[in-house]
Amino acid sequence: GIQVEQSPPDLILQEGANSTLRCNFSDSVNNLQWFHQNPWGQLINLFYIPSGTKQNGRLSATTVATERYSLLYISSSQTTDSGVYFCAVEEKLTFGTGTRLTIIP
Amino acid sequence: GAVVSQHPSRVICKSGTSVKIECRSLDFQATTMFWYRQFPKKSLMLMATSNEGSKATYEQGVEKDKFLINHASLTLSTLTVTSAHPEDSSFYICSAWSGSGNEQYFGPGTRLTVT
């Protein structure tokens, strides 16, 4: 099956910093989503982005489908951004390995 | 919109007993619901896919007789962990898809501890 790797696995940043999270996938996909799992376990939909670029406030995402990767950008980080970020691909979502983001006040 | 609830949020049970977890789509009808399992500090793994009114499709390695899934209506799916053992302790998360659009929406999860 398709493999989905995310990097970095862990990221610790000061409040106000910017960050880039990467998602690599091993085969072409028709569906790619980014999620934020908060410290209580709830998964929050961030973007549906099989290709192209989208922005929502301080967050934006870009997927280059031909090169099999997607990037999630977080600008001006806040402590509430802490948690684990997952990308997931295909209709039966295959989740990536996740990036654990910790924002320090 | 697109709210999915799970009940209970947390359950502790004794080894050998069965536990039922409910997943409800509150403001939309879910053609398809999915059940995932997540171990501590790990990613989510799909266990099974259920369509309303039909039998669930289980992923490879998931015991269908141990994890019983019922999707009796367009707003409710249940996962029953039968004869639970400590190794079944995990975080179980459901998601729902309306049949239109591309996104699944996730419930808040159920933390199961088997003693």
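Shown above is the structure to which this text applies.
Small disclaimer: the values here were computed from a predicted structure and weren't measured. (Residues numbered from 1 in each chain as written. Chains lettered and ligands numbered in written order. Predicted model: local features only at pLDDT ≥ 70, side-chain atom pairs only at ≥ 80, totals over all residues. Heavy atoms only, no water.)

### A look at the overall build of chain A
A count of helices and strands for chain A gives zero helices and eleven strands. Overall, chain A shows an N-to-C arrangement of helices and strands of β-β-β-β-β-β-β-β-β-β-β. Computed over C-alpha atoms, the radius of gyration of chain A comes to 13 Å, within 12% of the 13 Å expected from 2.2 N^0.38 for 105 residues, which places it in the range of a compact globule. With respect to the three principal axes, the spread of C-alpha positions in chain A is 40 × 25 × 20 Å. (Helix = DSSP H or I, 4+ residues; strand = E, 2+ residues; numbered from the N terminus. Rg over C-alpha atoms; globule rule 2.2 N^0.38 Å.)

### A short note on the interface of chain A and chain B
Taken together, the contact pairs 18 residues of chain A with 19 residues of chain B. Contact between chain A and chain B buries roughly 1400 Å² in total, counting both sides, with carbon and sulfur atoms accounting for 51%. At the junction of chain A and chain B, the tally comes to zero salt bridges. Taken together, the connections running from chain A to chain B amount to six residue pairs in polar contact (both at pLDDT 80 or more). Listed by contribution, the elements that provide at least two residues to the side of chain A that touches chain B are β4 (32-37) and β5 (43-48) of chain A. (Contact = heavy atoms within 4.5 Å. Buried area = accessible area lost by both parts, 1.4 Å probe. Salt bridge = Lys/Arg side-chain N within 4 Å of Asp/Glu carboxyl O. Polar contact = N/O pair within 3.5 Å; in protein donor to acceptor, adjacent residues only side chain to side chain.)

### Remarks on the sheet that holds strand β6 (residues 52-56) of chain A
Residues and elements named next belong to chain A. Spatially, β1-β3-β8-β7-β6 is the arrangement adopted by the five strands of the open sheet, whose pairing is antiparallel. Each edge of the open sheet is held by one strand with a lone partner, namely β1 (4-7) and β6. The sheet shows a mean angle of 15 degrees between the axes of neighbouring strands, taken without regard to direction. As paired strands, β1 and strand β3 (residues 19-25) are joined by four bridges and run antiparallel to one another. When the sheet's bridge partners are listed, Ser-7 is paired in β3 with Arg-22. (Pairing = 2+ DSSP bridges. Axes fitted to C-alpha atoms, helices over the stretch in contact; angles between N-to-C directions.)

### Describing the packing of aromatic side chains
Scanning the model with the defined rule gives eight aromatic pairs over all chains in all. Look at Phe28(B) and Tyr105(B): their rings are 6.3 Å apart centre to centre, the planes differ by 65 degrees, and that puts the pair in the edge-to-face class. Within this pair, whereas Phe28(B) is found in the loop between β3 (19-25) and β4 (32-38), its partner Tyr105(B) is found in strand β10 (residues 105-106), the two being separated by 77 residues in sequence. A cation over a ring is seen here: Arg22(A) above Tyr69(A), with NZ or CZ 4.2 Å from the ring centre. (Phe/Tyr/Trp six-rings, centres within 6.5 Å; stacked < 30°, edge-to-face > 60°. Lys NZ or Arg CZ within 6 Å of the ring centre and 35° of its normal.)

### Focus: the environment of Tyr105(B)
Residue Tyr105(B) is classed as partly exposed on the basis of its relative accessible area of 25%. Spatially, the C-alpha atoms of Tyr105(B) and Leu79(B) are 17 Å apart, while their sequence positions differ by 26 residues. Those residues in contact with Tyr105(B) that sit more than four places away from it in its chain are Asn45(A), Ala2(B), Val4(B), Cys94(B), Ser95(B) and Ala96(B). (Buried < 20%, exposed > 50% of the residue type's maximum accessible area, 1.4 Å probe, protein only.)

### Describing the pattern of salt bridges
Inspection of the entire model under this criterion finds four salt bridges over all chains. A salt bridge links Arg68(A) to Asp27(A), with the shortest nitrogen-to-oxygen separation between them at 4.0 Å. Linking Arg68(A) in the loop between β7 (59-64) and β8 (69-74) with Asp27(A) in the loop between β3 and β4, this pair joins segments that are 41 residues apart in sequence. In this structure Arg68(A) comes out as partly exposed when scored by relative accessible area, which is 36%. Note that Asp88(B) and Lys66(B) form a salt bridge whose closest N and O atoms lie 2.9 Å from each other. With Asp88(B) in the loop between β8 (76-81) and β9 (90-97) and Lys66(B) in the loop between β6 (57-58) and β7 (67-73), the pair connects residues that are 22 residues apart, well separated along the chain. Grouping residues by exposure puts Asp88(B) and Lys66(B) together as buried.

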